[in-house]
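# What the coordinates show
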Amino acid sequence: MGIKTEYNPDLALINISEFKNGNRKREECIPENLKAGQICEFLKKGQRNYWIEGEIPLLETKGNQLLSKPLASVIILEATHFMLNGEPWTKGKYKIVEAFDPKEPKIHFNGFARA
């Protein structure tokens, strides 16, 4: 038996409407107003590892690996694994470095490098 761990090159969270509808916790969702300098909490099901030595994209997920283009550049400040109801979860904090205009066609990331 192995250890099931996922390595994530980005932070993918759900739309805030899922929290407002009572389907998800606030930390599982993208904040309504993304502002540079803002520190937010995140919560993801599973044992996940994030790159913490630089900026990664914040994406919106619709589930099943359906991801948006980057909404912001963030730095993961901390990530902790814990058990909840017999399942592994990852929680932590991230800082928004820059929020992007979703209508702007500019490419903001090329792999791990900021473009």
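Use the structure listed above.
Read on for an overview of the structure. Keep in mind that what you see is a predicted model, and the values were worked out from it rather than measured. (Residues numbered from 1 in each chain as written. Predicted model: local features only at pLDDT ≥ 70, side-chain atom pairs only at ≥ 80, totals over all residues. Heavy atoms only, no water.)

## Here's the deal with the overall build of the chain
The condition that has to hold: Here a strand is any run of E in DSSP of at least two residues, a helix any run of H or I of at least four, and the numbering for each starts at the N terminus. Radius of gyration here uses only the C-alpha atoms, and the compact-globule reference equals 2.2 Å multiplied by the residue count raised to the power 0.38. Only protein chains enter the calculation, and the probe is 1.4 Å; a residue is then buried if its accessible area is under 20% of its type maximum, exposed if over 50%, and partly exposed in between. Any pair of residues with heavy atoms lying within 4.5 Å of one another is described as a contacting pair. All accessible-area figures derive from a Shrake-Rupley calculation using a 1.4 Å probe, and residue coverage is judged against the displayed protein chains alone.
For the chain, the helix and strand inventory stands at 1 helix and 9 strands. Put simply, the chain runs from its N terminus to its C terminus through helices and strands in the order β-β-α-β-β-β-β-β-β-β. A compact globule built from 115 residues would reach a C-alpha radius of gyration of about 13 Å, and the chain, at 14 Å, matches this within 12%. The C-alpha extent of the chain, read off along each of the three principal axes, is 45 × 35 × 25 Å. Classification of the 115 residues of the chain by burial places 33% in the buried group. Long-range contacts, defined here as pairs at least 24 residues apart, represent 58% of the contacts in the chain between residues at least 6 apart. For the chain, the accessible surface area stands at approximately 7500 Å², while carbon and sulfur atoms represent 50% of it.

## What to know about the nonpolar core
Where we set the bar: Note on terminology: a nonpolar core comprises buried Ala, Val, Leu, Ile, Met, Phe, Trp, Tyr and Cys residues joined through side-chain atoms within 4.5 Å.
One finds L11, L13, F42, L58, V74, I76 and Y94 to be the most contacted residues of the largest nonpolar core, which totals 14 residues. Sorting the residues of this core by element identifies β2 (11-13), β3 (39-45), β5 (55-60), β6 (72-84) and β7 (87-99) as the ones contributing at least two each. When residues in this core are grouped by element, the largest group, 3 residues, is from β6. Excluding residues that lie within four positions of it along the chain, I76 makes contacts with L11, F42, Y50, W51, I52, I56, K93 and Y94.

## Quick word on the packing of aromatic side chains
Under the convention used in this document: Only centres within 6.5 Å qualify two rings of Phe, Tyr or Trp (six-membered ring in Trp) as a pair; their planes then separate them into stacked at under 30 degrees, edge-to-face at over 60, and tilted for everything else. Working rule: Lys NZ or Arg CZ, within 6 Å of ring centre, within 35 degrees of ring normal, means a charge sits over the ring.
Applying the stated criterion to the full structure yields 3 aromatic pairs. Their ring planes at 70 degrees and their centres at 6.5 Å tell us that F100 and F109 sit as a pair that is edge-to-face. For F109, a relative accessible area of 11% translates into the label buried. Feature note: the residues F42, Y50 and Y94 constitute an aromatic cluster, connected by ring pairs. Between K91 and the ring centre of F82, over which it is positioned, the NZ or CZ distance is 5.0 Å. The residue whose ring lies beneath R114 is F109, and the NZ or CZ to ring-centre distance is 5.7 Å.

## Let's talk about unusual backbone geometry
One non-glycine residue, N64, lies in the positive phi region at around 55 degrees. A positive phi angle, near 55 degrees, is found at N85, a position not held by glycine. Structurally, N85 can be placed in the loop between β6 and β7. Given a relative accessible area of 74%, N85 falls into the exposed group.

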